[in-house]
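Residues per chain are reported as follows:
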Amino acid sequence: MTRNFRDLHRDLRMPCDENRLLLDRRKFLSKGSMALAAIASSSLGSASGLAWGLPATAEAVEVKTAYGRLRGTRKGDLITFKGIPYAGPVSGENRFKAPPPLVPWTGVRDALTPGPPSFQPNRPSFGVDEPVPSENCLVLNIWTPAVDQRRRPVMFYNHGGGFVVGSGSTWYQDGSNVARQYDVVVVASNHRLGLLGYLFLADLAGEEYATSGNQGILDITAALKWVRENIEAFGGDPHNVMVFGESGGGAKTSCVYALPLAKDYFNKASIESGPGVRMTPRDMATETAKMVLSELGLSDKEVPKLKEVPAEKLVEVQAAVAKRAPGNLTLSGGRKGMVVSRPGGFGPVVDGTYLPNHPFDPGAPAISTDKPLMVGTNKDEMAFFFFERKANDIFSLTDDGLKSRLDKELGADAEKILSTYRKSRPGASPTDLYIAITTARAMWLGSIEIAEKKFEQKSAPVYMYMFTHESNLIVPDTNHRLGAAHATEIWYKFNNVDVEGPKDPTRPSLIGTDPDRKKAALNMSEMWATFARTGHPGAKGQPSWPAYTLQKRATMMIDAQCKVEEDPFGQERALWDSLTS
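Reading guide: rules and limits
Think of each chain on its own: its residues are numbered from 1, step by step along the sequence as written. Where totals are concerned, whole chains, interfaces and linings use all residues; where local detail is concerned, this predicted model gives features only for residues with pLDDT of at least 70, and gives and counts side-chain atom pairs only at 80 or more. For the side-chain quantities, the full set of heavy atoms in the structure was used; hydrogens and water were omitted. Counting from the N terminus, the helices are DSSP H or I runs at least four residues long and the strands are E runs at least two residues long. Each residue is placed in one exposure class: buried if its accessible area under a 1.4 Å probe, protein chains only, is under 20% of its type's maximum, exposed if it is over 50%, and partly exposed if it falls in between. Contacts are assigned to residue pairs that have any heavy atoms within 4.5 Å of one another. Computed with a 1.4 Å probe, the accessible areas rest on the Shrake-Rupley method; for each residue, only the protein chains presented here act as cover. Any two strands between which DSSP finds at least two bridges are classified as paired. Take the buried residues of types Ala, Val, Leu, Ile, Met, Phe, Trp, Tyr and Cys, join any two whose side-chain atoms come within 4.5 Å, and each joined set is a nonpolar core. Think of it this way: a Phe, Tyr or Trp ring, Trp meaning its six-membered ring, pairs with another when their centres are within 6.5 Å, and the plane angle makes it stacked under 30 degrees, edge-to-face over 60, tilted otherwise. Lysine NZ or arginine CZ positioned within 6 Å of the ring centre and within 35 degrees of the ring normal marks a charge as sitting over the ring. Every angle, taken between N-to-C directions, lies between 0 and 180 degrees, and every axis is a line fitted to C-alpha atoms, over only the stretch in contact when it is a helix. Small angles under 35 degrees read as roughly parallel and large ones over 145 as roughly antiparallel, with 65 to 115 read as roughly perpendicular and the rest as oblique. In this scheme the crossing of two helices becomes right-handed for a clockwise turn of the near helix relative to the far one and left-handed for an anticlockwise turn of less than a right angle. We define a salt bridge as a side-chain nitrogen of Lys or Arg found within 4 Å of a carboxyl oxygen belonging to Asp or Glu. In this description, the arc belongs to the directions extending from the helix axis to the C-beta atoms.

Q: Just checking my understanding: could you explain the overall build of the protein for this structure?
A: Check the secondary structure of the protein and you find 16 helices and 19 strands. Across the 581 residues in the protein, those meeting the buried criterion constitute 64%. Across the protein, contacts joining residues at least 24 apart in sequence account for 75% of those joining residues at least 6 apart. In the form shown here, the protein has an accessible surface area of approximately 19,900 Å², with 49% of it arising from carbon and sulfur atoms.

Here it is, written out as structure tokens:
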């Protein structure tokens, strides 16, 4: 089931094959839902480059930053600033390098609509008024209750999409409700993705490219540095910053947690459905770079010519390389997490300098010993991938079909695993058993690995969760509910279950229509905001959330009524441990 990050986010409508479980969540959520804005990279231009008019019901608000004045929008009890540049251009001579410093501007710069996301396949749009992707994409959005210098907790979000697609302006990740309801400041950034964000060239072209391979993570660090320097003007506390992210954003957060350059810019973190235990070794990353050069007809000595290749062409090369190699992202990594050592994919590189070690291998990063951590998964992660794949045969599995799949995927361990899961989940259907087994390999075991290693530091606490609130969406052409699938919790932690998104009548709502959605959303969003404020997650009317320990393995099961379970599905966890020891 190994694929690179790009492959995991391609359109999934292809013949069923359990070894080709690919993801394009962005296309699922936004395809056909809105027109692309008729601008590309003007958000990194002059201060007058974004002169859109204010909505009729909005009021202009100005803030002074270290780089110049910004004009945002007040609407009711919320103020937003969007498309704020946090670093300089990363095209031309700055391609494949660390983000350059931001040049101050004169006058007042409009921050009224989103800036562009990173260049990526299919040039999608993710949010209202968002321009098409651009190579110069280093912008961020801010949602704040007031610009009164009151030092509110800051929640800094890393968007999902593997390391190859996505945007901080995606509509269902809007920070308005969380900022307004819990009196916090929410920030989301765009950063380089795919080949432009993670092509490693240092071993081929020397010191000039020392930062290559980790451009995207260094972009996030630059955004965090900007927050440290400026967020007080937006009502935020520069010394109380929580970094969090889901799926690929969880893996990015894993890297930020281990990145020496970022250690002074945040205070706590949450890794959600994206256990970044390991990243790409530099020898594998160099092999991928050679594949890129070969695809372009260049020799290993012609690295400088990569700066002259149009960005659109590099995205095409990214796709071509992915087709030639198995890539470096897996949905079956178990305790090794999402990334495995294979060439052909693009993600952060363990270069020994900027990312000195794997984030959580052999242990949790020492630089973040004192930073509280949350980590967790959704109960039915893999149901999303099967749903998006239109792999309807999985949603109607027979006992024989289940056994056949497990024999193929798990070999000699299949019988023991199936027997254990049947005992652990009496009455579960073959489909439910298959989703549970594949979810463990994709997300759950890697998240446990992170929690255990953080606990072993015997310092700041780690809190484990499992999102269990089930979508009542019936998978089309089946009788099976989607359940607590991958990505469904995003609406809940942002308290956006009632937010109306772009309409596409051909695609159902991923989160369903059950009446308890709002209760679950209030619980999860308050837990996240409370963690941002205090370092200890919690919500009114819900059980106290104990820290995770190897003795009790307390896990918050998040739903309309939450509960704490000690070592949930412990029989299954012990089985996997016995197979990997």
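Q: I keep staring at the environment of Pro 304 and nothing clicks. Help me out?
A: Its place among the elements puts Pro 304 in the loop between helix H8 (282-295) and helix H9 (311-324). For Pro 304, a relative accessible area of 46% translates into the label partly exposed. With 103 residues separating them in the primary sequence, Pro 304 and Leu 201 have C-alpha atoms 10.0 Å apart.

Q: Is there a simple way to explain the pairing of strand E6 (residues 139-144) in this structure?
A: A regular strand places its side chains so that they alternate between the two faces of the sheet. For E6, the buried fraction is high: six of the six residues fall into the buried class. Residues Val 139, Asn 141 and Trp 143 line one face of E6 and the alternating positions Leu 140, Ile 142 and Thr 144 line the opposite face, and both faces are buried. Bridge count between strand E4 (residues 78-85) and E6: five bridges; the pairing is antiparallel. Residue Ile 79 lies in a different strand from E6, and its bridge partner there is Thr 144. Judged from the four bridges that link them, E6 and strand E8 (residues 185-189) form a sheet pairing that is antiparallel.

Q: Honestly, the nonpolar core in this entry has me stumped. Any pointers?
A: Grouped burial of nonpolar side chains is what soluble globular proteins tend to show. Formed by 163 residues in total, the largest nonpolar core has its most connected members in Phe 81, Ile 142, Trp 226, Phe 234 and Trp 528. Counting residues per element, this core draws most heavily on helix H13 (residues 430-456), which supplies 14 residues. Those residues in contact with Trp 528 that sit more than four places away from it in its chain are Met 155, Met 242, Phe 244, Ser 270, Glu 272, Met 374, Tyr 465, Lys 493, Trp 545 and Ile 558.

Q: Is there a simple way to think about the packing of aromatic side chains in this case?
A: The geometry of an aromatic ring pair comes down to the distance between the two centres and the angle between the two planes. Scanning the entire structure with this criterion turns up 20 aromatic pairs. For the ring pair Tyr 172 and Trp 491, a centre distance of 4.6 Å and an interplane angle of 15 degrees mean the geometry is stacked. Note that Tyr 172 is positioned in the loop between strand E7 (152-158) and helix H3 (176-182) and Trp 491 in helix H14 (residues 489-493), a separation of 319 residues in sequence. On the basis of relative accessibility, which here comes to 1%, the residue Tyr 172 falls in the buried class. An aromatic cluster of three or more residues is present, and its members are Tyr 463, Tyr 465, Trp 528, Phe 531 and Trp 545. When the ring centre of Phe 266 is taken as origin, the NZ or CZ atom of Lys 371, which lies over that ring, is 4.7 Å away. The ring of Tyr 434 is capped by Arg 405, whose NZ or CZ atom sits 5.5 Å from the centre of that ring.

Q: Can you walk me through the packing of helix H12 (residues 414-424) against helix H16 (residues 570-580) in this structure?
A: Relative orientation of the contacting elements H12 and H16 amounts to 165 degrees, with a least axis distance of 9 Å. By the criterion of interaxial angle, the relationship of H12 to H16 is roughly antiparallel. In this structure, the crossing between H12 and H16 has a hand that is right-handed. In this structure, H12 uses Lys 416, Ile 417, Thr 420, Tyr 421, Lys 423 and Ser 424 to contact H16, whose residues at the interface are Gln 571, Glu 572, Leu 575, Trp 576 and Leu 579.

Q: Would you explain the pattern of salt bridges in this entry?
A: Pairing of side chains with opposite charge becomes possible as their charged atoms draw close. Following the criterion strictly, the structure yields 43 salt bridges and no others. Glu 62 is the salt-bridge partner of Arg 69, the closest N and O atoms lying 3.2 Å from each other. The exposure class assigned to Glu 62 is partly exposed, which follows from its relative accessible area of 37%. Glu 449 is the partner of Lys 453 in a salt bridge, and the nearest nitrogen-oxygen pair spans 2.8 Å. Remark: Glu 449 and Lys 453 occur in helix H13; sequence separation between them is four residues, near one turn of the helix.

Q: What exactly am I supposed to notice about H12 here?
A: Two residues of an α-helix separated by three or four positions point the same way, owing to the 3.6 residues in each turn. Buried residues of H12: Ala 414, Ile 417, Leu 418, Thr 420 and Tyr 421, and no others. For H12, the arc enclosing every buried residue in end-on projection is 165 degrees, short of the 170-degree limit, so these residues lie on one face. Exposed residues on H12 whose side chains face more than 90 degrees from its buried face are Glu 415 and Lys 423. If you follow the buried residues of H12, they end up packed against helix H11 (399-410), H13 and H16.

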